[in-house]
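Listed here are the chains, written in short residue letters.
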Amino acid sequence: MKRFTLLPAVLLGLTLATFPASAAKSPELYEVEIVVFQTKLAYLEGDELWARDVVDTKLPGIAKAIAAKNIPAIDSPLWKAAGTLETDADYDVLVHKRWLQPADAASEAQWVYLKNARTDPLQLEGTVRFYQSRFLHVEVELLLREDGGREPTTAGTTDAGPKVYRISEQRRIRSRRINYFDHPKFGALVWVAPVDKK
């Protein structure tokens, strides 16, 4: 029961200061932070396959996506959450990035490319887009490839290809609030906040 309540507790502890985003008066420059983590709790899968065999592995915006110019995340809004997840055996942080970017319109918003640095069989790759229309929005496209070895197919043969899981979601968000994108195999925490003008 302790493991089951860890993630909600992390989210609750970091969402105490919530402020609605104002499209009309919002600053140009925003801080964007994302933590992508693996979930090792097998019982969360239930009886569903949860897109183990993802056919479309194309990532939107990948051709023009840029790597995040990472700002050190020490003492950042998601630093404590990432540390809590990393020290728990049921979770494993795959990517933790933080950068600055303007809140452009959707047609001009830049895709940001994410990839974990692992050399083991677990590979994460994705693109993230933050933009502003009337409200603030985040679009998350993440692929988790898990090379678990050969599995039997319906024909009785084996398949050496990786199992692929996907999070594909576009959501209206509020600034200074934890936004959680979930999947039984992995998840993402996203924090967006205006940069204070001095």
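Cut-offs used in this document
- Residues numbered from 1 in each chain as written.
- Predicted model: local features only at pLDDT ≥ 70, side-chain atom pairs only at ≥ 80, totals over all residues.
- Heavy atoms only, no water.
- Helix = DSSP H or I, 4+ residues; strand = E, 2+ residues; numbered from the N terminus.
- Contact = heavy atoms within 4.5 Å.
- pLDDT = per-residue confidence, 0-100.
- Pairing = 2+ DSSP bridges.
- Axes fitted to C-alpha atoms, helices over the stretch in contact; angles between N-to-C directions.
- Phe/Tyr/Trp six-rings, centres within 6.5 Å; stacked < 30°, edge-to-face > 60°.
- Buried < 20%, exposed > 50% of the residue type's maximum accessible area, 1.4 Å probe, protein only.
- Lys NZ or Arg CZ within 6 Å of the ring centre and 35° of its normal.
- Salt bridge = Lys/Arg side-chain N within 4 Å of Asp/Glu carboxyl O.

(A) Local environment of the environment of Pro162. Looking at where Pro162 falls in the secondary structure, it is placed in the loop between strand S8 (158-159) and strand S9 (163-173). Separated by 40 residues in the primary sequence, Pro162 and Leu122 place their C-alpha atoms 9.3 Å from one another. Excluding residues that lie within four positions of it along the chain, Pro162 makes contacts with Arg145, Glu146 and Asp147.

(B) Broad picture of the confidence of the model for the protein chain. Taken over all residues, the pLDDT of the protein chain has a mean of 80, while the share at 70 or more is 70%. The spread of mean pLDDT over the elements of the protein chain runs between strand S7 (residues 151-152), the lowest at 44, and strand S11 (residues 186-194), the highest at 96. Every residue in residues 149-153 scores below 50 in pLDDT, and together they form 12 contacts with partners more than four places removed in sequence or on other chains.

(C) Layout of the sheet that holds strand S1 (residues 29-39). As summarised here, the arrangement of the 4 strands in space is S3-S1-S11-S10, forming an open sheet in which the pairing is antiparallel. Looking at which strands have only one partner, the edges of the open sheet turn out to be strand S3 (91-102) and strand S10 (179-182). Averaged over all neighbouring strand pairs, the angle between strand axes comes to 15°, with direction disregarded. Across 4 bridges, S10 lies against S11 in antiparallel orientation. When the bridges of S11 are listed, Tyr180 appears paired with Leu189. Across the sheet, helix H2 (residues 79-86) lies against S1, S3 and S11, angled at about 165° from S3, the strand it touches most.

(D) Structural context of the packing of aromatic side chains. Applying the stated criterion across every chain yields a total of 3 aromatic pairs. Ring geometry for Phe37 against Tyr180: centres 6.3 Å apart, planes inclined by 10°, an arrangement best described as stacked. Of this pair, Phe37 sits in strand S1 while Tyr180 is found in strand S10, placing the two residues 143 residues apart along the sequence. By relative accessible area, which is 0% here, Phe37 ends up buried. What makes Tyr180 partly exposed here is its relative accessible area of 25%. Each residue in the set Phe37, Tyr91 and Tyr180 is aromatic and connected to the rest through ring pairs, giving one cluster. Stacked on the ring of Phe181, the Lys or Arg Arg171 has its end atom at 4.0 Å from the ring centre. A cation sits over an aromatic face here: Arg172 above Phe135, 3.6 Å from the ring centre.

(E) Quick look at the pattern of salt bridges. Applying the stated criterion to the full structure yields 8 salt bridges. Close ionic contact of Arg129 with Glu139 constitutes a salt bridge, the shortest N to O distance being 2.7 Å. One end of the pair, Arg129, is in strand S5 (residues 122-132); the other, Glu139, is in strand S6 (residues 136-146), and 10 residues separate them in sequence. The class for Glu139 is buried, based on a relative accessible area of 14%. With its nearest N and O atoms 4.0 Å apart, the salt bridge here joins Glu146 to Lys185. Taken together, the residues span a long stretch of sequence, with Glu146 in strand S6 and Lys185 in the loop between S10 and S11 at a distance of 39 residues. A residue is classified by how much of its surface remains accessible, and Lys185, at 16% relative accessible area, is buried.

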